[in-house]
Amino acid sequence: MTDAPSSASLQRTPLYDLHRELGGKMVPFAGYDMPVQYPQGVLGEHLHTRASCGLFDVSHMGQIRLTAKPGQDLVGAMESLVPGDIRGLKPGQMRYTQLTNETGGILDDLMVTSTGDHLLLVVNAACKHDDLAHIRKGIGDRVEIEPMFARGLLALQGPRAVDVLSRYASQARTMVFMTGAVLRIDGVECYVTRSGYTGCDGYEIATPADSATHVARLLLSNEEVKPIGLGARDSLRLEAGLCLYGHDIDTTTTPIEAGLLWSVGKERRAQGGFPGAAVVQKQIAEGAPRRRVGLKPEGRTIAREGAEIVDGAGKVIGKVTSGGFGPSLNGPMAMGYVERAQAANGTKLALVVRGKPVAAEVVPMPFVKHTYFRG
Amino acid sequence: MLKFSKEHEWVRVEGDIGTVGITDYAQQQLGDVVFVEVPEIGRTVEKGGEIAVVESVKAASDIYAPVGGEVVEANTALADSPGDVNADPMGKAWFFKLRIADKGDLDDLMDEAAYGEYVKGLE
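The structure contained in this document is the topic of the report that follows. Keep in mind it's a predicted model, so treat the numbers as computed, not measured.

## A short note on the overall build of chain A
Counting its regular elements, chain A contains nine helices and 19 strands. Computed over its C-alpha atoms, the radius of gyration of chain A comes to 21 Å, within 12% of the 21 Å expected for a compact globule of 375 residues. The principal-axis extent of the C-alpha atoms belonging to chain A is close to 65 × 55 × 45 Å. For chain A, the proportion of its 375 residues judged to be buried stands at 58%. Accessible area for chain A stands at about 15,300 Å²; split by element, carbon and sulfur atoms hold 53% of it. Averaging the coordinates of the 41 positive side-chain charges in chain A and doing the same for the 39 negative ones gives two points 4 Å apart.

Below is the structure:
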């Protein structure tokens, strides 16, 4: 089998050959040749993950390790780039936060895990090189920055993930949501966090590059586990009400507008000290001019990204930033930005689909309840 | 008589009534179908006009009328079971029936063998 010439410039994760073997339909995504779905199809993969356990290749995302240079404060350096409470992380704890710019816009969203000695970051694939340059410029004098872009990263998600992973590392069962530990999986040293981006209980498993396929095959050998592509990953995260960088958040949206106030550390709200803090603090005090909201269209018409959001008078007040069909919800769902006055739950709005307004209501997110394991 | 368009619609002609749906190739390309918007009865459409919409998990796709005419029946059952489009595209999952205005429209369409060759050329 030969590859299409168009894929020649695309990068591959360590699992590329396995994706092909499993019948993955490969598409370009963030510079990588990635499986959008397997023969089971997006709908089946989505429902399988919610009911049992799905394995995702997220090796295209960027893993970066930060270590203090002698005499330097690693946590202080990191907090100069993000609004999250990094100081409050005990070894083995992780947080979701954002790299912000001077106007409070979001350069990327990321996970930060403290190992005690290091901070481990997981950043978006499309942003990882820019993030690296941004971190180097900002704190390169204080911290050693080690990109680990070739490593494997697997997400094992769903209610049976705990049973599956515990067969190889019994410690997996007692870990709670948003914690991490070094686990040996069939002799392979992995950094495992109880986290993910599907709204399900589950894990992300960082592996050495040359062991990624071995660990993936091992996990797939369990009858509960099926391979899941990017299509279902997107519908799962949208049902979970989670932001997708470049769509629901970007350099023009602040964490407050995006409804991510919860991720801004309490002390940091008062003290600031991150890029764009003045803008973020002002929005916390006075309210953001617009807000990301969940939208539930009436009926089954799907409003997708870019659809205009209009008020009762037909005035355009915002745009859908993510929209699709929720297989677990068994209906359409969307998120987008609206002016503050229209952001309250229960507000009746309309979404313009193929030139016609479809009635919709502002609803709380997530669309499908999170099932994280909090101990 | 069964005819096919380059846009992957099929039309089964009985008298002056044409029943329209999408082909197996089309449903495979679309992936899981989650919503079908069928036309209202009484609507008239030109050959090649947009007449229905299929939403898959991936994208919305317009369905074009392979022949012109007036819609006389719509398969509203598809609203509750859009998955039929994947399971039985040439049977249960017909979209609508129309009274064909000009049977000459059929001349531009392919028969089953020609459509089979056409699809092979796309793969």
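That was the structure; now back to the text.
## Section: the nonpolar core
Note that soluble globular proteins tend to have their nonpolar side chains buried in a common cluster. All names here are of chain A. Among the nonpolar cores identified, the biggest contains 35 residues, and Phe56, Val58, Tyr96, Met111, Met178, Ile249 and Leu260 are the most heavily contacted of them. Elements with a contribution of two residues or more to this core: strand E5 (94-100), strand E6 (106-114), strand E7 (118-123), strand E9 (152-157) and helix H7 (230-239). Among the nonpolar cores identified, the runner-up in size contains 28 residues, and Leu156, Ala161, Tyr203 and Leu219 belong to it.

## Concerning the packing of aromatic side chains
Applying the stated criterion across every chain yields a total of four aromatic pairs over all chains. Pairing Tyr96(A) with Trp262(A) gives two aromatic rings, centres 5.6 Å apart and planes at 20°, and the pair type is stacked. Here Tyr96(A), found in strand E5, pairs with Trp262(A), found in the loop between H7 and helix H8 (266-271); they are 166 residues apart in sequence, far enough to count as distant. Judged by its relative accessible area of 58%, Trp262(A) falls in the exposed class. Between the aromatic rings of Phe4(B) and Tyr115(B), the centroid separation amounts to 4.7 Å while the plane-to-plane angle is 10°, which identifies the pairing as stacked. Note that Phe4(B) is positioned in strand E1 (residues 2-4) and Tyr115(B) in helix H3 (residues 112-122), a separation of 111 residues in sequence. For the pair shown, Phe4(B) and Tyr115(B) are each scored as buried. These aromatic residues form a ring-pair network of at least three members: Phe4(B), Tyr115(B) and Tyr118(B). The side chain of Arg12(A) reaches across the aromatic face of Tyr16(A), ending 3.9 Å from its centre. Arg290(A) extends its terminal NZ or CZ atom over the ring of Tyr337(A), reaching a point 4.6 Å from the ring centre.

## Quick look at the sheet that holds strand E6 (residues 50-56) of chain B
Residue and element names in this part refer to chain B. Ordered in space as E4-E6-E7, the three strands form an open sheet in which the pairing is antiparallel. Edge strands, defined here as strands with exactly one partner in the open sheet, are strand E4 (33-37) and strand E7 (60-64). Put simply, the sheet's adjacent strands are angled 25° from each other on average, direction ignored. Where E6 and E7 come together, five bridges link them in antiparallel fashion.

## Details of the pairing of E6(B)
Residues and elements named next belong to chain B. Where burial is concerned, most of E6 is hidden: six out of the seven residues are buried. Here four bridges tie E4 to E6, and the two strands are oriented antiparallel to one another. When the bridges of E6 are listed, valine 33 appears paired with serine 56.

## A closer look at the interface of chain A and chain B
On the chain B side, the residues contacting the 13 residues of chain A number 14 residues. Buried area between chain A and chain B, both sides added, is near 1,100 Å², and the carbon and sulfur share of it is 48%. In terms of surface lost to chain B, no three residues of chain A exceed Arg300(A), Arg304(A) and Arg354(A), which account for 48% of the buried area on that side. Applying the counting criterion to the chain A and chain B interface returns four salt bridges. Among the salt bridges present, the one from Arg304(A) reaches Glu55(B), with a minimum N-O distance of 2.5 Å. Our enumeration of links across chain A and chain B arrives at ten residue pairs in polar contact (both at pLDDT 80 or more). Considering each element in turn, the side of chain A that touches chain B owes the most residues, three residues, to helix H2 (residues 42-51) of chain A. Along the lines of polarity and charge, the residues of the side of chain A that touches chain B split into four nonpolar, four polar and five charged.

## Looking at the state of the cysteines
Residues and elements named next belong to chain A. Counted under the stated rule, the structure contains zero disulfides over all chains. There is no disulfide at cysteine 127, and the cysteine sulfur nearest it, in cysteine 243, is 13 Å away. We note that cysteine 200 lacks a disulfide partner, and the nearest cysteine sulfur, in cysteine 53, lies 9.2 Å from it. Given a relative accessible area of 4%, cysteine 200 falls into the buried group.

## Focus: unusual backbone geometry
All names here are of chain A. Cis geometry is adopted by the peptide bond preceding proline 366, which originates at methionine 365 and carries an omega value of 5°. Relative to the assigned elements, proline 366 resides in the segment after strand E19 (356-363). Even without glycine at this site, methionine 178 takes up a positive phi of about 65°. Positionally, methionine 178 belongs in the loop between helix H5 (161-166) and strand E10 (180-185). Residue methionine 178 is classed as buried on the basis of its relative accessible area, which comes to 17%. Unlike most non-glycine residues, arginine 354 shows phi in positive territory, near 50°. Relative to the helices and strands, arginine 354 resides in the loop between strand E18 (348-353) and E19. Overall, the relative accessible area of 34% leaves arginine 354 in the partly exposed class.

## A word on the sheet that holds E9(A)
Residues and elements named next belong to chain A. Reading across from one edge, E10-E11-E12-E9-E3-E13 is the order of the six strands in this open sheet, with mixed pairing throughout. The two strands at the open ends of the sheet, each matched to only one other strand, are E10 and strand E13 (225-227). The average angle at which neighbouring strand axes cross in this sheet is 30°, direction not considered. Of the pairings in the sheet, the one linking E9 to strand E12 (residues 202-207) comprises six bridges and is antiparallel in character.

The rules we used
Residues numbered from 1 in each chain as written. Chains lettered and ligands numbered in written order. Predicted model: local features only at pLDDT ≥ 70, side-chain atom pairs only at ≥ 80, totals over all residues. Heavy atoms only, no water. Helix = DSSP H or I, 4+ residues; strand = E, 2+ residues; numbered from the N terminus. Rg over C-alpha atoms; globule rule 2.2 N^0.38 Å. Buried < 20%, exposed > 50% of the residue type's maximum accessible area, 1.4 Å probe, protein only. Areas by Shrake-Rupley, 256 points an atom, 1.4 Å probe, with all protein chains shown as cover. Lys, Arg positive; Asp, Glu negative; His and termini not counted. Charge placed at Lys NZ, Arg CZ, Asp CG, Glu CD. Core = buried A, V, L, I, M, F, W, Y, C linked by side-chain atoms within 4.5 Å. Phe/Tyr/Trp six-rings, centres within 6.5 Å; stacked < 30°, edge-to-face > 60°. Lys NZ or Arg CZ within 6 Å of the ring centre and 35° of its normal. Pairing = 2+ DSSP bridges. Axes fitted to C-alpha atoms, helices over the stretch in contact; angles between N-to-C directions. Contact = heavy atoms within 4.5 Å. Buried area = accessible area lost by both parts, 1.4 Å probe. Salt bridge = Lys/Arg side-chain N within 4 Å of Asp/Glu carboxyl O. Polar contact = N/O pair within 3.5 Å; in protein donor to acceptor, adjacent residues only side chain to side chain. Nonpolar A, V, L, I, M, F, W, Y, C, P; charged D, E, K, R; others polar. Disulfide = S-S within 2.5 Å.

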